[in-house]
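Architecture at a glance
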Amino acid sequence: MKNPLKKIFDDTKPFFTGDGKYKKYEPIWDATKTFFFLPSQKNSFMPFVRDHLDLKRYMSIVVLSLLPVTFFGIYNTGYQAGIGAGESWPVTQCFLVGACYVLPIIIVSYAVGFAWEFLFAVIRGHNISEGFLVTGLLFPLTLPPTIPLWQVALGISFGVIIGKEVFGGTGRNILNPALTGRAFLFFSYPVSMSGDVWVAGKHLVDGVTGATALSVTGAGGQSITAALGDAGYSLGQLFTGFVPGSVGETSALCCLFGAAILMVTRIANYRVIIGGIAGLVITSVIVYLIPGGQESWSNAGPLYHLCAGGFLFGISFMATDPVSAPGTNPGRWIFGAAIGFLTVIIRVGNPAFMEGVMLAILFMNVFAPLLDHLVLKYKSSKRIPNV
């Protein structure tokens, strides 16, 4: 017996393909069909060998690698809300409360983003790209859990249109679309993005701090590590992620687990991730050895720089975007190392904007084509002339 759902798609195919009556809506029909069934394209000419990893499977693995940070982010949102309420909630309650804050953000991100994808696909007459499966989840994970939903809709709209579609769509964007949307919200609505907004439900009680670890500084000669300890941010807490912060960025452990999935499956190039970590560690050690600045993040040391903030999230899931990152191996090493270097420099040199990884990745996205150009030019200069 034929699958009834597949029969519906087979029966409606003539209306949406070829000279069908609803030909201009083929992208929506195709996206709906491939949501339920694997693509069934056949090679009618040579070469007949196809890679088993198409774009949809590629994006699915990235989404899979994001699940640990997503589930932990939901739990931690509820966990921090419980602390804010002065109570110790069970795991189930933490998940339920966290889901009430995080799931609407994810739903709005996907709904608004896919609406823009559908619109541009219909106007341009091409199939809907699967690239938004990743962007639609990455973007809400970079936001605080208390952000207004209308700002989520505005930010993802800016990221999709200005960060990707104006360049021609998936595969042609210069900047990471999710980070472009986040940067837009950060500079347009700084109170919602960098104010005291990191603990969900904190308005229900008094005396709850919502500051992130990166906003902590020493005072009266107190070292930064001592100030972090006094504020309740031990290195172990920063590594596991039981601290206030953006939904998906607090747990260094979950970020490393996701990075391992991406590197083992070769979805992400390890040179970007390893180069980024090396760049951050070397730069933070150099800054640490410079006398003075005991009360600032210049004295924090490499482990605190790695675990605090969203560096590991950014270098694992955003810097490894194959479209906006370099395509040459030497370029990838330089690209990753520069992101690590800039992240520390921004944190140390600009107390008004401690989370430097967002600007570091966007800045290096712009220079990625130049890195590829210089690498290819250097390799060409080393060739032995034929005549």
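- Under an unreviewed UniProt entry, the name given to the protein chain is Na(+)-translocating NADH-quinone reductase subunit B, and the source organism is Desulfobacter hydrogenophilus.
- Recorded in UniProt under Sequence similarities (unreviewed entry), the annotation for the protein chain is "Belongs to the NqrB/RnfD family."
- Annotation of the protein chain in UniProt includes, under Function (unreviewed entry), the sentence "NQR complex catalyzes the reduction of ubiquinone-1 to ubiquinol by two successive reactions, coupled with the transport of Na(+) ions from the cytoplasm to the periplasm. NqrA to NqrE are probably involved in the second step, the conversion of ubisemiquinone to ubiquinol."

**What about the overall build of the protein chain?**
- From N to C terminus, the protein chain includes 16 helices and 0 strands.
- In the protein chain, which comprises 387 residues, the share counted as buried stands at 48%.
- A fraction of 70% describes how many contacts in the protein chain between residues 6 or more apart in sequence connect residues 24 or more apart.
- Of the roughly 19000 Å² of accessible surface on the protein chain, 68% is carried by carbon and sulfur atoms.

**Digging into the UniProt feature "modified residue: FMN phosphoryl threonine" (unreviewed entry) in the protein chain**
- The UniProt record annotates "modified residue: FMN phosphoryl threonine" (unreviewed entry) at T212.
- Classification of T212 as buried rests on a relative accessible area of 17%.

**Considering a nonpolar patch on the surface**
- Together, L64, L67, F71, V91 and F95 make up a nonpolar patch on the protein surface, roughly 430 Å² of accessible area in all.
- Among the elements that make up the nonpolar patch, the one with the highest residue count is helix α3 (residues 55-84) (3 residues).

**Considering the UniProt feature "transmembrane region" (unreviewed entry) in the protein chain**
- The sites that carry the UniProt feature "transmembrane region" (unreviewed entry) are, in the present numbering, residues 58-75, 95-119, 131-150, 242-265, 272-290, 302-320, 332-350 and 356-376.
- End C-alpha to end C-alpha, residues 58-75 measures 27 Å, and it is 100% helix and 0% strand.
- Along residues 356-376, the helical share is 95% and the strand share 0%, with 30 Å between the first and last C-alpha atoms.

**Here we look at the pattern of salt bridges**
- One pass over the structure, following the stated rule, counts 2 salt bridges.
- As a salt-bridge pair, E117 and K164 come within 2.4 Å of each other at their nearest N and O atoms. Taken together, the residues span a long stretch of sequence, with E117 in helix α4 (residues 91-124) and K164 in the loop between α6 (149-161) and α7 (177-188) at a distance of 47 residues.
- Across the pair E165 and R124 runs a salt bridge whose closest N-O atoms are separated by 2.6 Å. Of the two residues, E165 sits in the loop between α6 and α7 while R124 sits in helix α4, which places them 41 residues apart along the sequence.

**Quick look at the packing of helix α12 (residues 270-289) against helix α15 (residues 329-349)**
- In the contact formed by α12 and α15, the axes pass within 7 Å of each other and the chain directions differ by 35°. Taken as a pair, α12 and α15 cross one another with a handedness that is right-handed. Contact residues: α12 offers Y270, R271, V272, I274, G275, G276, G279, L280, T283, S284 and V287, while α15 offers N329, R332, W333, F335, G336, A337, G340, F341, T343, V344, I345 and V348.
- By residue class, the composition of the contact of α12 with α15 is 12 nonpolar, 9 polar and 2 charged.

**With respect to the environment of G275**
- Assignment of secondary structure puts G275 in helix α12.
- Discounting residues that sit within four places of it in the chain, G275 has contacts with Y270, W333, G336 and A337.

**Details of helix α11 (residues 252-264)**
- For α11, with 13 residues, the first-to-last C-alpha span of 18 Å sits near the 18 Å given by 1.5 Å per residue.
- Along α11, the positions that sit buried rather than exposed are A252, C254, C255, G258, A259 and L262. All buried residues of α11 project into a common sector of 160° when viewed along the axis, lining one side.
- The first or second residue beyond α11 is R266, which carries a positive phi of 65°.

**Overview of the packing of aromatic side chains**
- By the definition in use, this model includes 15 aromatic pairs.
- Between F72 and F242 the ring centres are 5.2 Å apart and the planes differ by 70°, which places this aromatic pair in the edge-to-face class. Here the residue F72 occupies a position in helix α3, and F242 occupies one in the loop between α10 (235-240) and α11, the gap between them amounting to 170 residues.
- Accessibility expressed as a relative area gives 29% for F242, which makes it partly exposed.
- A ring pair is formed by F313 and F317, whose centres lie 5.2 Å apart and whose planes are at 55°; its orientation type is tilted. One end of the pair, F313, and the other, F317, are both in helix α14 (residues 311-318), 4 residues apart, so they sit about a helical turn from each other.

**Observations regarding the packing of α15 against helix α16 (residues 357-381)**
- Closest axis-to-axis distance for the α15/α16 pair is 8 Å, and the angle between their directions is 150°. It follows that α15 is roughly antiparallel to α16 by the angle criterion. Crossing handedness for the pair α15 and α16: right-handed. Facing P330, G331, I334, F335, A338, I339, L342, T343 and I346 of α15, the residues of α16 in contact are V357, L359, A360, I361, F363, M364, N365, A368, L371, V375 and K379.
- Its residues placed into classes, the contact of α15 with α16 shows 16 nonpolar, 3 polar and 1 charged.

**Quick word on the side chain of T17**
- Structurally, T17 can be placed in the loop between α1 (4-16) and α2 (26-36).
- Among the polar contacts listed, one links the side chain of T17 to the backbone oxygen of K13, at a separation of 2.8 Å.
- What T17 contacts, discounting residues up to four positions off in sequence, is K23, E26 and W29.

**Considering unusual backbone geometry**
- Although it is not a glycine, R266 adopts a positive phi angle of roughly 65°.
- Looking at R266, the relative accessible area reads 74%, which means it is exposed.

**Considerations on the environment of L185**
- Residue placement: L185 occurs in helix α7.
- What makes L185 buried here is its relative accessible area of 0%.
- Taking the C-alpha atoms as reference points, L185 and Q151, 34 residues apart in sequence, are found 7.3 Å from one another.
- For L185, the contacting residues outside a window of four places in its chain are F139, L143, I147, Q151, G155, P190 and M193.

About the criteria used
Residues numbered from 1 in each chain as written. Predicted model: local features only at pLDDT ≥ 70, side-chain atom pairs only at ≥ 80, totals over all residues. Heavy atoms only, no water. UniProt positions renumbered as here; feature names shortened; annotations may be inferred. Helix = DSSP H or I, 4+ residues; strand = E, 2+ residues; numbered from the N terminus. Buried < 20%, exposed > 50% of the residue type's maximum accessible area, 1.4 Å probe, protein only. Contact = heavy atoms within 4.5 Å. Areas by Shrake-Rupley, 256 points an atom, 1.4 Å probe, with all protein chains shown as cover. Patch = residues over 30% accessible without salt bridge, like charges linked within 9 Å, V, L, I, M, F, W, Y side chains within 5 Å. Salt bridge = Lys/Arg side-chain N within 4 Å of Asp/Glu carboxyl O. Axes fitted to C-alpha atoms, helices over the stretch in contact; angles between N-to-C directions. Left-handed = near helix turned anticlockwise from the far one by under 90°. Nonpolar A, V, L, I, M, F, W, Y, C, P; charged D, E, K, R; others polar. Expected span 1.5 Å × (residues − 1). Arc of directions from axis to C-beta. Phe/Tyr/Trp six-rings, centres within 6.5 Å; stacked < 30°, edge-to-face > 60°. Parallel < 35°, antiparallel > 145°, perpendicular 65-115°, else oblique. Polar contact = N/O pair within 3.5 Å; in protein donor to acceptor, adjacent residues only side chain to side chain.

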